[in-house]
Amino acid sequence: MASDFSPDPQTARLDRRVTWGVIALVAATVLIGALAPRVGHHGAPAKGPASDPAQDRSCTEWGDGCKVCRRIGEDVACSLPGIACTPGPVACLRSAGEP
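An account of the accompanying structure is given in this report. (Residues numbered from 1 in each chain as written. Predicted model: local features only at pLDDT ≥ 70, side-chain atom pairs only at ≥ 80, totals over all residues. Heavy atoms only, no water.)

**Brief notes about a nonpolar patch on the surface**
A surface patch of nonpolar side chains, about 450 Å² in accessible area, is lined by Leu14, Val18, Val22, Val26 and Val30. With respect to the secondary-structure elements, valine 30 resides in helix H1 (residues 9-35). Among the residues examined, valine 30 registers a relative accessible area of 55% and is labelled exposed. (Patch = residues over 30% accessible without salt bridge, like charges linked within 9 Å, V, L, I, M, F, W, Y side chains within 5 Å. Areas by Shrake-Rupley, 256 points an atom, 1.4 Å probe, with all protein chains shown as cover. Salt bridge = Lys/Arg side-chain N within 4 Å of Asp/Glu carboxyl O. Helix = DSSP H or I, 4+ residues; strand = E, 2+ residues; numbered from the N terminus. Buried < 20%, exposed > 50% of the residue type's maximum accessible area, 1.4 Å probe, protein only.)

**Considerations on the pairing of strand S1 (residues 59-63)**
Most of S1 sits out of view: four of its five residues are buried. Summarising the sheet, S1 and strand S4 (residues 91-95) pair through four bridges and their orientation is antiparallel. Paired with glycine 63 across the bridge in S4 is alanine 91. Inspection of the sheet shows S1 paired to strand S2 (residues 68-72) by three bridges, in the antiparallel sense. Looking at the pairing, glycine 63 lines up with valine 68 of S2. Here S1 hands over to S2 after four residues, with glycine 65 in that stretch at a positive phi of 90°. (Pairing = 2+ DSSP bridges.)

**Observations regarding the pattern of salt bridges**
This structure, assessed with the given rule, holds three salt bridges. Arginine 70 serves as the salt-bridge partner of glutamate 61, at 2.8 Å between the closest nitrogen and oxygen. With its nearest N and O atoms 3.0 Å apart, the salt bridge here joins arginine 94 to glutamate 61. One end of the pair, arginine 94, is in strand S4; the other, glutamate 61, is in strand S1, and 33 residues separate them in sequence.

What follows is the structure, given as structure tokens:
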């Protein structure tokens, strides 16, 4: 049983307007997400590379309370976080030259 459904012109116009409205809303959401400044865990601006222990060559071990990362030569090795862990701020745990 074939159905020849042809909407009336007014319904077709409304469908096009709704479709373009949804497309515009999705595009605006993606642009806002890409262009908005990133905010850290507690509303503070996210740390830049200058305050990031992973970028600081003098920091040999850092963590966020869930996982710990250690610089081994030129490589970085990190532990796996616990299943119910809530990460905190990233902080340097050991600097170069410390035992």
